[in-house]
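Residues per chain, in single letters:
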Amino acid sequence: KMKKIFIVILLTLLFHYSLNQDSKSGKDLLLERLNLINKKGYMFGHQDDTFYGLHWEWELDRSDIYETVGDYPAIMGFDLGGIELGNDKNLDDVPFYRIREELIKHHERGGIVTISWHPRNPVTGGTAWDTSDKSTVHKILTDESIKSKFLDWIDKVADFLSTLKTNNGTKVPIIFRPWHENNGSWFWWGQNLCSDEDYLGLWNLLQDELINRGFDNLLWNFSPNLDGTWNESKYLKRYPGNDRVQLIGVDAYQSILEIIFTLQLNADLEFLQSFAEKNNKLFALTECGYKNIPDSTWWTKVLNPVMEKYNIVYFHTWRNYKEEYFAPDPTQKSAEDFKKLYEMPKVLFLRDILDIN
C-alpha cells in the first residue's frame, strides 16, 4: 500500500513539474539553461558565424570556427539593422531570410542565439552612427510624428521576430541586446546624445511594445561599453532596472595597449560580478575581440587569464569579414592558440552545452 501511495505521489509531482515546464516562457527556460551552463564555464560566441569568413562568403554550413577547431560556437549573434526600413538585407548586407534560417538552425543544433539592432536615425535618416542630431531620443519620446515613425519600425522588428519559430511553432528563445554601448557617444542613443531619463524612456518604449506583442521569448541584455571606472551610482543611471534586465554585460575590444585593456577589463568584470551577485543577474562579455588578432597568443595569454577569474556566462567575438575579423580561421596566426583555448575545460563550444538543459 505504501508503495502505491509513493508511486501516486511521484506521478503527481512529475505531472505538476511537466505542467510547470510547459507553462514557462522561452525567456525563463533560456535563463534556467544559462544558469546551468554558468556552473560549468563560459561559452564562446561569434557574430555572423555561418555567413562569411576570412576567405569565403555565403557558402552554406561553412564556419571559420568549425574549420579551426571542429566545433561550432555555442552562441551565434545576428543583427537586425535595416529591418526597420523594410529592407531585404541588414546593414551588413546579410539577407534577412538567411538570418532567419541560420538563427533557427543554430537553435535546432542546440546552440544559443543573440540579436542586436542598430536602427537608422529616425530623425536624420542616417545610420545608427549618425549623431548629427543631438536630440534624436528625446524627439522619439516627445514628437508625435517621430514617435509614430519609430513605433512603425518596432512593428517591423516584431514582424520579423514573429517568424523565428521552429517547425512545431515554438518561439526560439533569444538574448536580445538593444541600445548597447550607451556610455559611448558613437550611436544616436549614446551618452552625450540623450539624458539618462530619455535613454531609459527609449529602452522602456521598445521593451514594453515587444512584451505587449507577446514576445516572452526575449531575454533582455543591458550592455554598456568598456569603461574601467564603473561604480554603482554611475552604472545605475542608465540601468533599466532588475525587473527589465535578465543579463548584464560589457562590450570590450582591445584597441589600446594590452596592459590598459586588461586593467580596464578586470575593473569592469569585477564590478559586474559584484553587481550581478547582489542583484541575482547573469553577466557576460557581450562583444569582444582584437581586430585582425595581431598577437598570435592573444586568446590564452591576454583574454582568457582575465575571463577565468570571473563568473561570466559567455564571451562573444564580432564577425569575420574579409579585411576585418575578430576570430581565426585555420590559416590565421592565432589559430593554434585558439585551439588551446578550445581545449580549456571552462571554455565551452556547442558540443559542450548540448547535454545542459
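For every chain, the first residue of the written sequence is number 1, and numbering continues from 1 along that sequence. In view of the model being predicted, local features appear only for residues whose pLDDT reaches at least 70, and side-chain atom pairs are presented and counted only at 80 or more, with totals across whole chains, interfaces and linings using the full set of residues. Side-chain metrics rest on all non-hydrogen atoms present in the structure, leaving aside hydrogens and water.

Enquirer: Summarise the environment of P294; cite the residues concerned and give the values.
Expert: Topologically, P294 is positioned in the loop between β7 (282–289) and α10 (298–307). Note on classification: 1.4 Å probe, protein chains only; a residue is buried when its accessible area is under 20% of the maximum for its type, exposed when over 50%, partly exposed between these limits. Assessed through its relative accessible area of 43%, P294 is described here as partly exposed. Taking the C-alpha atoms as reference points, P294 and F51, separated by 243 residues in sequence, lie 23 Å from one another. Numbering of helices and strands runs from the N terminus, with a helix taken as a DSSP run of H or I at least four residues long and a strand as a DSSP run of E at least two residues long.

Enquirer: Pulling in residues and values, what's your account of the environment of A128?
Expert: Here A128 shows up in the loop between β3 (112–116) and α5 (136–142). When its relative accessible area of 2% is taken as the criterion, A128 is described as buried. Spatially, the C-alpha atoms of A128 and I83 are 13 Å apart, while their sequence positions differ by 45 residues. Whether two residues are in contact is decided by their heavy atoms: any pair within 4.5 Å suffices. Not counting chain neighbours up to four residues away, the residues in contact with A128 comprise H118, P119, R120, W186, F187, W188 and W189.

Enquirer: Give a description of a nonpolar patch on the surface that names residues and reports values.
Expert: Patch construction takes residues with relative accessible area above 30% that form no salt bridge. Like charges are linked within 9 Å, and nonpolar side chains (Val, Leu, Ile, Met, Phe, Trp, Tyr) are linked within 5 Å. Residue exposure ignores everything except the shown protein chains as possible cover, and the areas themselves are Shrake-Rupley values with a 1.4 Å probe. By convention in these notes, a salt bridge is any Lys or Arg side-chain nitrogen within 4 Å of a carboxyl oxygen on Asp or Glu. On the surface, I256, L257, I259, I260 and L263 cluster together to form a nonpolar patch covering roughly 480 Å² of accessible area. By the element assignment, I260 lies in helix α9 (residues 258–279).

Enquirer: Give a detailed account of the pairing of strand β2 (residues 75–79), specifying residues and quantitative values.
Expert: Of all the 5 residues making up β2, 5 are buried; the element is thus mostly covered by neighbouring parts of the structure. A two-sided burial pattern is seen for β2, the buried positions comprising I75, G77 and D79 on one face and M76 and F78 on the other. Paired strands are those between which DSSP finds at least two bridges. Looking at chain direction, strand β1 (residues 42–47) and β2 are connected through 3 bridges and run parallel. Each residue of the ladder has a partner; that of H46, found in β2, is M76. Of the pairings in the sheet, the one linking β2 to β3 comprises 5 bridges and is parallel in character. From the neighbouring strand, M76 faces β3, where its bridge partner is V113. Read as a crossover between parallel neighbours, the route from β2 over helix α4 (residues 96–108) to β3 is right-handed. By convention, a crossover is right-handed whenever its connection, traced from the first strand over the helix to the second and viewed with the strands pointing away, goes clockwise.

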